[in-house]
Amino acid sequence: MKVYKSDQIRNIALIGNAGSGKTTLAEAMLFEGGVINRRGDVNSKNTVSDYNAIEQGFGNSVFSSVLYTECNEKKINILDTPGMDDLCGSVVASLEVTGLGLMVINTSNGVEAGTEAAGRHADKTNTPLVFVFNQLDHENTNFDQALDQCRSSFGKKVTVVQYPVDAGPGFSSIIDVLKMKMFKYGPDGGKPEILDIPESEIEKAGELHNELVEMAAENEEALMELYFDKGSLTEDEMRQGMKLGMLQRDLFPVFCTCAKKNIGVGRLLEFISNIAPAPAEIPMRKVIKGREVKMEEGEKPSIFVFKTSIESHVGEITYFKVMSGKITEGLDLINSKNGNKERLSQIFVSAGKNRTKVTEMVAGDIGCTVKLKDTKYNSTLSEKGDEIEFVPIDYPGPRIDIAIKAVNDADDEKVGEVLSRIKYEDPTYIVGYSKELKQLIVKGQGEYHLNILKWIFDNVYKIDIEFKTPKIPYRETITKAEQNRLITATKNNRAEQGNSERCTC
Ligand SMILES: Nc1nc2c(ncn2[C@@H]2O[C@H](COP(=O)(O)OP(=O)(O)OP(=O)(O)O)[C@@H](O)[C@H]2O)c(=O)[nH]1
Ligand SMILES: [Mg+2]
């Protein structure tokens, strides 16, 4: 496997409503980059990203998957996140680590609850967005309506770079107003024919091109001057302006795809490889301990762990981003949380469950390792004597709580053990024993989140569990006489305080 330099790396997170097509898009991206030579399908349960048994059981993504592809000599790391809002923990972590969100929209539904929820996470983490208008081959697809809805929810910064010519079941052609060309795809998608814009579309394409030029020029004074002088910008100047606009979250470009038929995916990757910010171009994660770190290859090495997963036959897999310097196989680093030495005996790049060993990895890249002793999500590993701790990921707080119990009393202890593992894989489960209620309480994001927990107990650990409403804690009620006594005592207290204050004046 090739070793990529920092400036050859791009990191993106696929976010959006459940079923909008993120996993299908990821599959097409891997295919386009030559990482796989056959595209799987979520319905056939053979995609690279949804490889967990639970994902195949539920028919949707449950965990974020770490994948990569290649385009124009750049390695594009892709974090495919689940769209169900109950699983938002991995959306937040993925946005914080990648710094660019691809918001996938099902154009037959427009903006959905999950689109808005993902948008809120992107706002909170201050992450730039690219909109991917997907499923343009649907009978009910409606590009204009989806665009209007995105503009009402996300503002006028949602800017058309591409629009479909023939959206609907025979969808094949996209007009690109950055390149001012039409891309026409065959039935199997892939490489398009690049054609001149047809006569009938020239006026519309010209107007949208001008809108895009203005949106790009607005981001830098020099570009604005050029635009006033020449009345236009070159493709490179537009790219420069668009990149600045994206970084400032003033421009959210819109791209068109039919992920299922691999239409528009290659061009989207090309745009990411050309315009998406390199890791050093996004704001550096702050530290809460140690020196200020720069995302540079020449710095001392440090990595930030954003995900832990447990897989049968492998054990614990630790996913990280290299935050500075270069890491190599066999490197010893210190976990700043507990002071333990950890050896990176093997480092891998990951495409779902397939891991490829690499000898080194540089600042900005995303990879994984195995067999660490005691390093979980939110840990920083750095050199001895250069202990650093990055700001932890701000996971969303719980929205519901429930008491959990083994159906068979003999399994009670095992339930506790399993929960303490699961909460490392999904930190939005919070587990604790309430001494007051004498119940084991799980806090989570919602009913779906709890269904997932039940599935894991049933299918992975084969332990029968039941959920119960937490007991209501017993509190003494205050009698009327006692209330009166407390009121009189408070009044006397206040009067005494007032006196003492006056005395000191
Ligand atoms: N017709 C059509 N179907 C699509 C397209 N993209 C995805 N689908 C289908 O939409 C369904 C959901 O696709 P996924 O890729 O699993 O969607 P997702 O966004 O990953 O869903 P979650 O993991 O639940 O968030 C599947 O049946 C796909 O085959 C598309 O461009 N056109
Ligand atoms: Mg998915």
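The coordinates are above.
Model, not experiment: these values are computed from the prediction.

Draft legend 1. Quick peek at the coordination of the magnesium ion (ligand 2). On the protein side, the magnesium ion (ligand 2) has Thr-23 (OG1) and Ser-61 (OG) as donor atoms, found 2.0 Å from it. On the criterion of sequence distance, the pair formed by Thr-23 in helix H1 (residues 22-32) and Ser-61 in the loop between helix H2 (53-58) and strand S2 (65-71) is long-range, its members being 38 residues apart. Accessibility classification places Thr-23 together with Ser-61 in one group, the buried group.

Draft legend 2. Structural context of the site of ligand 1. The full set close to ligand 1 counts 21 residues, and Lys-22, Thr-24, Ser-61, Gly-83 and Asp-137 are the nearest of them. Lys-22 places a side-chain nitrogen or oxygen 2.7 Å from an oxygen atom of ligand 1. Take Gln-135: an N or O atom from its main chain is 3.4 Å from an oxygen atom of ligand 1. Compared with its free state, where it exposes 650 Å², ligand 1 has 88% of that area covered by protein. Considering each element in turn, the shell around ligand 1 owes the most residues, three residues, to H1.

Draft legend 3. Quick peek at the pattern of salt bridges. Scanning the model with the defined rule gives 32 salt bridges in all. Among the salt bridges present, the one from Asp-85 reaches Arg-399, with a minimum N-O distance of 3.2 Å. Here the residue Asp-85 occupies a position in the loop between strand S3 (74-80) and helix H3 (88-98), and Arg-399 occupies one in the loop between strand S23 (389-390) and strand S24 (400-406), the gap between them amounting to 314 residues. On the accessibility criterion, Arg-399 (45% relative accessible area) is partly exposed. Glu-235 is paired through a salt bridge with Lys-179; the nearest N and O atoms lie 3.1 Å apart. A residue pair is termed long-range when its members are at least 10 positions apart, and Glu-235 in helix H8 (residues 235-247) and Lys-179 in the loop between strand S8 (173-176) and strand S9 (181-184) qualify at 56 residues. One network of salt bridges, with partners in common, ties together Asp-176, Lys-179, Glu-235, Asp-236, Arg-239, Arg-267 and Glu-270.

Draft legend 4. Region of interest: unusual backbone geometry. The residue Asn-126 is not glycine, and still its phi comes out positive at about 60 degrees. Topologically, Asn-126 is positioned in the loop between helix H4 (113-124) and strand S5 (129-134).

Draft legend 5. Region of the structure containing the nonpolar core. Counting residues in hydrophobic clusters, the biggest one holds 93 residues, and the most contacted among them are Met-29, Leu-102 and Phe-131. A total of seven residues in this core trace back to one element, the largest contributor, which is helix H6 (residues 202-217). When we break this core down by domain, the ones giving at least three residues each are domain 1 (6-210 + 250-281) and domain 2 (287-390). If you look at the next biggest cluster of nonpolar residues, it comprises 23 residues, including Leu-419, Tyr-448, Trp-455 and Ile-456.

Basis of the calculations
Residues numbered from 1 in each chain as written. Chains lettered and ligands numbered in written order. Predicted model: local features only at pLDDT ≥ 70, side-chain atom pairs only at ≥ 80, totals over all residues. Heavy atoms only, no water. Donors = N, O, S within 2.8 Å, 3.2 Å for Na, K, Ca; no water. Helix = DSSP H or I, 4+ residues; strand = E, 2+ residues; numbered from the N terminus. Buried < 20%, exposed > 50% of the residue type's maximum accessible area, 1.4 Å probe, protein only. Near = heavy atom within 4 Å. Polar contact = N/O pair within 3.5 Å; in protein donor to acceptor, adjacent residues only side chain to side chain. Areas by Shrake-Rupley, 256 points an atom, 1.4 Å probe, with all protein chains shown as cover. Salt bridge = Lys/Arg side-chain N within 4 Å of Asp/Glu carboxyl O. Core = buried A, V, L, I, M, F, W, Y, C linked by side-chain atoms within 4.5 Å. Domains from an automatic or database assignment.

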